[in-house]
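Structure at a glance
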Amino acid sequence: MSSAVRRSVPVRTFGGWNDPPPGCVEVDFVAHSGTSSSGSFVQTMVLTDIATGWTECVPVRTRDSGNLIVAIKQARSFFPFPLLSVDFDNAQRLHQRVRRLLVPQ
């Protein structure tokens, strides 16, 4: 990977989180679309706790905020601690909508 690419992609390491308590999760998506990303297809929403590394995966059909709220609420029951915050790396607009709709446990 070139230096220019490294500088242009924001990366947050564990140290950049200022030692969060368990319950602060990072969300990423894995698309199961085959060779085409058009249309609807199942994706896996991967939630990883920053402090512990505990990871849970939940399927979602699309990334609309309603589906994500349902998936996050489902994932809450899988974690052995309450979810305190949810961070979406590359979807700021979606992150803001989900954050407004998601009510803490």
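Because the structure is a prediction, the values reported are computed rather than measured. Sequence order as written defines residue numbering, which begins from 1 separately in each chain. With pLDDT at 70 or above as the cut-off, local features in this predicted model cover only qualifying residues; side-chain atom pairs require 80 or more to be listed or tallied, and sums for whole chains, interfaces and linings still use all residues. Side-chain numbers come from the whole structure's heavy atoms, not from hydrogens or water.

1. What to know about the nonpolar core
Among soluble globular proteins, nonpolar side chains are generally buried collectively. This is how the line gets drawn: In these notes, a set of buried Ala, Val, Leu, Ile, Met, Phe, Trp, Tyr and Cys residues joined through side-chain atoms within 4.5 Å is what counts as a nonpolar core. Only protein chains enter the accessibility calculation, which uses a 1.4 Å probe; a residue is then buried when its area is under 20% of its type maximum, exposed when over 50%, and partly exposed in between. Helix numbers and strand numbers start at the N terminus; a helix is a DSSP run of H or I with at least 4 residues, a strand a run of E with at least 2.
Val27, Phe29, Met45, Leu47, Ile72, Phe79 and Phe88 are the most contacted members of the largest nonpolar core, which totals 16 residues. Those elements that provide at least two residues to this core are strand E1 (24-31), strand E2 (43-49), strand E3 (55-60), helix H2 (65-76) and strand E4 (85-88). A total of four residues in this core trace back to one element, the largest contributor, which is H2.

2. Things to note about the sheet that holds E1
Spelled out, the test is: Each pair of strands is called paired provided DSSP finds at least two bridges between the two strands. Between N-to-C directions, angles cover 0 to 180 degrees, with each direction set by a line fitted to C-alpha atoms, over the stretch in contact for helices. It only takes one pair of heavy atoms within 4.5 Å for two residues to be counted as in contact.
The four strands are arranged E3-E2-E1-E4 in an open sheet whose pairing can be described as mixed. Edge positions in the open sheet fall to E3 and E4, since each of these has one partner strand only. Ignoring strand direction, the axes of neighbouring strands in this sheet form an average angle of 30°. H2 contacts E1, E2, E3 and E4 of the sheet and is inclined by roughly 145° relative to E3.

3. What about the pairing of E2?
Both faces of the sheet carry side chains from a regular strand, because those side chains alternate between them. Of all the seven residues making up E2, six are buried; the element is thus mostly covered by neighbouring parts of the structure. Here E1 pairs with E2 via seven bridges, running antiparallel. Directly across from valine 30, in E2, lies its bridge partner threonine 44. With six bridges joining them, E2 and E3 adopt antiparallel strand pairing. The partner of methionine 45 across the bridge, within E3, is valine 58. Counted along the chain from E2 to the antiparallel partner E3, the turn is five residues long, and its residue glycine 53 has a positive phi close to 85°.

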